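# Architecture at a glance
Here are the chains, one letter per residue:
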Amino acid sequence: MGKLNGKVAFITGAGRGQGRSHAVRFAREGADVIAVDTTKPVESISYPLATADDLAETARLVEAEGQRIIARDADVRQYAALAAVVEEGVNTFGRLDIVVANAGISNPAPTLDMSEDTWQDMIDINLTGVWKSLKASVPHIIDGGRGGSVVITSSLAAVYANENVAHYAAAKAGLVMLMKVMAKELAPHSIRVNTVHPTTVATGMILNDATYRLFRPDLENPTRGDFEEAARTLNRLPVVALEPEDVTETVLHLVSDSGKYITGTTQLLDAGGSL
């Protein structure tokens, strides 16, 4: 018996990275998965986004665990698209128990120099996109009458300030109060809501030239090794970055029965970075 046997989970940003890790582990624990990611470009981002092949690979990995998955291209900025995918999933699998609002972007820039589009893309995806994801999905958990769990991916940046990420930090900090309000609103339905706050995670959103330059502004063309040298100083434990699977362990705890009384909390996975 897996920890999520018979459950159905909706996961955004599931094409790769943390989202894929959550989907595969949930399947290993017995859950069917409704997964979305998007190939729609975001002009303010300088690194490659997930591809259709990435999402197809997530689907393959979930099915290899013996579970069912509906994987669709949907942008978290488009409520109607999200609602359609969730509706399809609930009609197919018969229920919804878990939501992991994980999709997000990174586009570092100095606060007063960033373009309006850079700011707006961040807020639209990392904050408003989470609200749209929850609006499209959580009513199905309520309708099920069995309770459930919502986990929102925030960041260490919501509690610890660094330069050049004001828009990212503002969005991720906004998620904390969104979570707390929803935890109060949904408690009568036995639905728990929490945020997770990882330090740097080794995914495509971080492992790219823009992030390397953010961490090493002293170098003209910093490499991953240069980035790792700087990133190591952010954490008190002797690690450069978490792996997606490290975050999944905490998310699994929050959505399973082992976390059945945890709601309204900010779960730090920061290797001591906030100290």
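Residues numbered from 1 in each chain as written. Predicted model: local features only at pLDDT ≥ 70, side-chain atom pairs only at ≥ 80, totals over all residues. Heavy atoms only, no water.

In this section: the nonpolar core. Ranked by size, the top nonpolar core spans 54 residues in total, and within it Phe 10, Leu 96, Val 99, Leu 134, Val 150, Ile 152 and Val 193 carry the most contacts. Among the elements that make up this core, the one with the highest residue count is helix H5 (residues 166-186) (10 residues). In this structure, this core is formed jointly by two domains, domain 1 (8-206 + 243-269) and domain 2 (210-240), each of which donates at least three residues. Excluding residues within four positions of it along the chain, Val 99 makes contact with Phe 10, Leu 134, Ser 137, Val 138, Ile 141, Ser 149, Val 150 and Val 151. Counting residues in hydrophobic clusters, the runner-up holds 26 residues, among them Ala 14, Leu 55, Leu 252 and Leu 254. (Core = buried A, V, L, I, M, F, W, Y, C linked by side-chain atoms within 4.5 Å. Buried < 20%, exposed > 50% of the residue type's maximum accessible area, 1.4 Å probe, protein only. Helix = DSSP H or I, 4+ residues; strand = E, 2+ residues; numbered from the N terminus. Domains from an automatic or database assignment. Contact = heavy atoms within 4.5 Å.)

This next bit is on the layout of surface pockets. Volume-wise, the largest pocket comes out at about 1100 Å³. Among the secondary structure elements, those contributing two or more residues to the lining of the largest pocket are helix H1 (17-28), strand S2 (32-37), H5 and helix H6 (209-215). A breakdown of the residues in the lining of the largest pocket according to their chemical character gives 24 nonpolar, 19 polar and seven charged. Mapping the lining of the largest pocket onto the domain boundaries places at least three of its residues in each of domain 1 (8-206 + 243-269) and domain 2 (210-240). Its boundaries defined by the atoms lining it, the second largest pocket holds a volume of some 210 Å³. (1 Å grid on protein atoms, 1.4 Å probe; cavity = no way out; pocket = protein on both sides within 12 Å on 5 of 7 lines; lining within 4 Å. Points joined across faces, edges and corners; volume = space filled by probe spheres on them. Nonpolar A, V, L, I, M, F, W, Y, C, P; charged D, E, K, R; others polar.)

Under the definition given, this model contains 12 salt bridges. A salt bridge links Glu 249 to Arg 25; the shortest N-O distance between them is 2.5 Å. Residue Glu 249 is found in helix H8 (residues 244-255), and its partner Arg 25 is found in helix H1; the two are separated by 224 residues along the sequence. According to the relative accessible area criterion, Glu 249 is partly exposed, its value standing at 43%. Taking relative accessible area as the criterion, Arg 25 reaches 17% and is therefore assigned buried. A salt bridge links Arg 28 to Glu 65; its shortest N-O distance comes to 3.1 Å. Of the two residues, Arg 28 is situated in helix H1 and Glu 65 in the loop between helix H2 (52-64) and strand S3 (69-73); the sequence distance between them amounts to 37 residues. The class for Arg 28 is partly exposed, based on a relative accessible area of 49%. For Glu 65, a relative accessible area of 31% corresponds to the partly exposed category. Three or more residues are tied together by salt bridges with common partners; here these are Arg 25, Glu 29 and Glu 249. (Salt bridge = Lys/Arg side-chain N within 4 Å of Asp/Glu carboxyl O.)

Attention shifts here to the packing of aromatic side chains. One pass over the full model with this rule turns up two aromatic pairs. Taking 4.9 Å as the distance between ring centres and 80 degrees as the angle between the ring planes, the aromatic pair formed by Phe 215 and Phe 227 counts as edge-to-face. One end of the pair, Phe 215, is in helix H6; the other, Phe 227, is in helix H7 (residues 224-231), with 12 residues separating them in the sequence. Just as Phe 215 is buried, Phe 227 falls in that class too. Through pairs of rings, three or more aromatic residues link up here, namely Tyr 212, Phe 215 and Phe 227. In this structure, Lys 135 is placed above the aromatic ring of Tyr 79, and the distance from its NZ or CZ to the ring centre is 5.6 Å. (Phe/Tyr/Trp six-rings, centres within 6.5 Å; stacked < 30°, edge-to-face > 60°. Lys NZ or Arg CZ within 6 Å of the ring centre and 35° of its normal.)

Turning our attention to unusual backbone geometry. We note that Asn 164 has phi near 70 degrees; this positive angle belongs to a residue other than glycine. On the basis of relative accessibility, which here comes to 26%, the residue Asn 164 falls in the partly exposed class. The residue Ser 190 is not glycine, and still its phi comes out positive at about 60 degrees. On the secondary structure map, Ser 190 appears in the loop between H5 and strand S6 (191-198).

Looking now at the side chain of Ser 154. Along the polypeptide, Ser 154 turns up in the loop between strand S5 (148-153) and H5. Among residues more than four places away in sequence, those in contact with Ser 154 are Lys 172, Leu 175, Val 176, Thr 195, Val 196, His 197 and Pro 198.

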